[in-house]
Amino acid sequence: MFEQSKVLFEKSLRVIPGGVNSPVRAFRSVGGTPVFFRKANGAYLWDADGTKYIDYVGSWGPAILGHAHPEVVAAVQAKAVDGLSFGAPTEAELLMAERLCELVPSIEQVRLVSSGTEATMSAIRLARGATGRKKIIKFEGCYHGHADALLVKAGSGALTFGNPSSAGVPPEVAADTIVLGYNNLLELESTFTGLGSEIACVIIEPIAGNMNFIVPDAAYMRALRSLCSKHGAVLIFDEVMTGFRVGLHGVQGHFGITPDLTTLGKVIGGGMPMGAFGGRRDLMANMAPLGGVYQAGTLSGNPVSVAAGLKTLELIARPGFFEELSATTTQLCEGLTAVAREEGQTFSAASLGGMFGMFFSPSPPTSYAEVMASDREQFIRFFHGMLARGVYLAPSAFEAGFVSKAHTATDIAETIARASETFRSLAKG
């Protein structure tokens, strides 16, 4: 099994650090050889040996319609023949900006970039430039890309390797980053009481998807909004993962809370590289060439990426899309939980829209500490059992999962049946 992947991985190790171009892909936290894929369509992946898998990674979120959706592919092909990049304005960029402003009411103006990391990095620079303050607040286990100041107790790959920071980040760069516990209201209030006049911004994953899937308390989110307003700090919702994934208007639409700035990515590129940040008009007016906050990018607003994103946003905005997607995801989570209990496994799951989390713990965690207390060794065994049975899950206990519109009732039923077999094998040891 995985014979071609083993060959490709050995070759990759010679020319790519760790053999991969993004750390979690290396399978270090789950062990074994990373799977190399050659094809994706709908809800399925095919590896280098031709083995087919039901996919719940979805390129880490963008494939909300399923892989290689024919209308998205057609939009990309049509745009590509006119040129891959201009480094100059296009009408498509305007259409994308208008669409984002329409779908996310908190966004009055938006700037397109090429990745989620660029979006969050730029939003924080903007918040600091607009407020004239240095300190920022982030939360334990939340990952906002690999900008230096944000690699402090970060989630995702940083958690996977048991290394909450990163070598190469000078202490003075991270000195103004304050890390608080997710969902800890007393800590949040105390911090603002002591440092409120120095805080430029608070950046948060409004549903944390980089320490698996953690939903914040609604009262906590309201208090966060209130504290930022009271102390003049900019509230940034990092919806790179959740934007257009949990609902058409993101988590902010679900909670009814308006951030000052929002960062987006993944779904808005339709599988192509793209990110965005935007928000209040008065804040965005600080961006060059209007203001003194500089940000630039040769491939920002790339026409091929924009074409894929516009078509994706068009298709997910159709009536009933998210209701159907949510129902499919709920069916998966409930089915997994039911068969786990039948086999005597300690297991829980939670979801919103097309995003879900599963945990080897009695109930879904609400904080970083609770995530760390879950049974990660059991997850590793479950991961490999499912992989051997043709189900591809994220190779980390700290990553959310994703369901697409392409997943059918049959796919879900097959996944639950294979999970039942896997849980049974775990029970036998």
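You'll find the structure just up there.
Nothing here was measured: the structure is a model prediction, and the numbers come from that model. (Residues numbered from 1 in each chain as written. Predicted model: local features only at pLDDT ≥ 70, side-chain atom pairs only at ≥ 80, totals over all residues. Heavy atoms only, no water.)

A. Structural view of the overall build of the protein chain. Helix and strand content of the protein chain: 15 helices and 14 strands. For a compact globule of 429 residues, the expected C-alpha radius of gyration is about 22 Å, and the protein chain comes in at 21 Å, within 12% of that figure. Across its three principal directions, the C-alpha atoms of the protein chain cover 60 × 55 × 50 Å. Split into buried and exposed, the 429 residues of the protein chain put 55% on the buried side. Of the roughly 17300 Å² that the protein chain leaves accessible, carbon and sulfur atoms contribute 53%. Between the centroid of the 35 positive side chains of the protein chain and the centroid of its 39 negative side chains there is a distance of 3 Å. (Helix = DSSP H or I, 4+ residues; strand = E, 2+ residues; numbered from the N terminus. Rg over C-alpha atoms; globule rule 2.2 N^0.38 Å. Buried < 20%, exposed > 50% of the residue type's maximum accessible area, 1.4 Å probe, protein only. Areas by Shrake-Rupley, 256 points an atom, 1.4 Å probe, with all protein chains shown as cover. Lys, Arg positive; Asp, Glu negative; His and termini not counted. Charge placed at Lys NZ, Arg CZ, Asp CG, Glu CD.)

B. Up close: unusual backbone geometry. Looking along the chain, the bond that leaves Ala288 and enters Pro289 is cis, with omega of 15°. Along the polypeptide, Pro289 turns up in the loop between α10 (281-284) and α11 (303-316). Unlike most non-glycine residues, Trp60 shows phi in positive territory, near 65°. As for its placement among the helices and strands, Trp60 is situated in the loop between β3 (52-55) and α2 (70-80).

C. Geometry of α11. With 14 residues, α11 extends 20 Å between its outermost C-alpha atoms, agreeing within 8% with the 20 Å of an ideal straight helix rising 1.5 Å per residue. The buried fraction of α11 amounts to 12 of the 14 residues, a majority that puts the element mostly inside the structure. For α11, the set of buried residues is Pro303, Val304, Ser305, Val306, Ala307, Ala308, Gly309, Lys311, Thr312, Leu313, Leu315 and Ile316. Elements in contact with the buried residues of α11: α2, α3 (91-103), β4 (109-113) and α12 (321-342). The backbone nitrogen of Val304 lies 3.0 Å from a side-chain oxygen of the residue at the head of α11, namely Asn302. (Expected span 1.5 Å × (residues − 1). Contact = heavy atoms within 4.5 Å. Polar contact = N/O pair within 3.5 Å; in protein donor to acceptor, adjacent residues only side chain to side chain.)

D. Region of interest: the pairing of strand β11 (residues 348-352). On β11, burial follows the alternation: Ser348, Ala350 and Leu352 on one face are buried, whereas Ala349 and Ser351 on the facing-out side are not. Taking the residues between adjacent antiparallel strands as the criterion, β11 and strand β12 (residues 355-359) are bridged by two residues, where Gly353 takes a positive phi near 60°. (Pairing = 2+ DSSP bridges.)

E. Layout of the sheet that holds strand β14 (residues 401-402). What the three strands build is an open sheet, ordered β11-β12-β14; its pairing is antiparallel. A single partner strand is all that each edge strand has here, and the edge strands are β11 and β14. Bridge analysis of β12 against β14 gives two bridges, and the strand direction is antiparallel. In the sheet register, Met355 faces β14, and the bridge partner there is Phe402.

F. Here's a closer look at the pattern of salt bridges. Evaluation of the coordinates by the stated rule reveals 13 salt bridges. Between Asp260 and Arg280 there is a salt bridge, with the nearest N and O atoms lying 2.8 Å from each other. Note that Asp260 is positioned in the loop between α9 (250-255) and β9 (261-265) and Arg280 in the loop between β10 (275-279) and α10, a separation of 20 residues in sequence. When its relative accessible area of 6% is taken as the criterion, Asp260 is described as buried. For Arg280, a relative accessible area of 30% gives the class partly exposed. Across the salt bridge formed by Asp282 and Arg280, the nearest N and O atoms sit 2.7 Å from each other. Overall, Asp282 belongs to the partly exposed group, its relative accessible area being 46%. Ionic contacts of the salt-bridge type, sharing partners, join the residues Glu71, Lys311, Glu314 and Arg318 into one network. (Salt bridge = Lys/Arg side-chain N within 4 Å of Asp/Glu carboxyl O.)

G. Inspection of the sheet that holds strand β2 (residues 44-47) at higher detail. Pairing in this open sheet of four strands is mixed, and the strands run β1-β2-β3-β13 from one edge to the other. The outermost strands of the open sheet, each flanked by one partner alone, are β1 (37-41) and β13 (391-392). Summarising the sheet, β1 and β2 pair through four bridges and their orientation is antiparallel. Paired with Lys39 across the bridge in β2 is Trp46. Most of the contacts of helix α15 (residues 409-428) go to β3, to which it runs at about 100°, and overall it touches β2, β3 and β13. (Axes fitted to C-alpha atoms, helices over the stretch in contact; angles between N-to-C directions.)

H. Spotlight on α15. Given a rise of 1.5 Å per residue, 20 residues ought to cover 28 Å, and the 29 Å separating the end C-alpha atoms of α15 matches this to within 8%. All buried positions along α15 are accounted for by Asp411, Ile412, Thr415, Ile416, Ala419, Ser420, Thr422, Phe423 and Leu426. Buried-residue contacts for α15 involve β2, β3, α12, α14 (376-388) and β13.

I. Quick look at the nonpolar core. Grouped together as the largest cluster of nonpolar side chains are 66 residues, with contacts concentrated most on Tyr56, Leu100, Phe244, Ile316, Phe382 and Phe423. Here the element with the most residues in this core is α12; it accounts for eight residues. The residues touching Phe382, leaving out its near neighbours within four places in the chain, are Met358, Phe360, Leu393, Ala419, Thr422, Phe423 and Leu426. Among the nonpolar cores identified, the runner-up in size contains 37 residues, and Ile204, Ile207, Phe213 and Ile214 belong to it. (Core = buried A, V, L, I, M, F, W, Y, C linked by side-chain atoms within 4.5 Å.)

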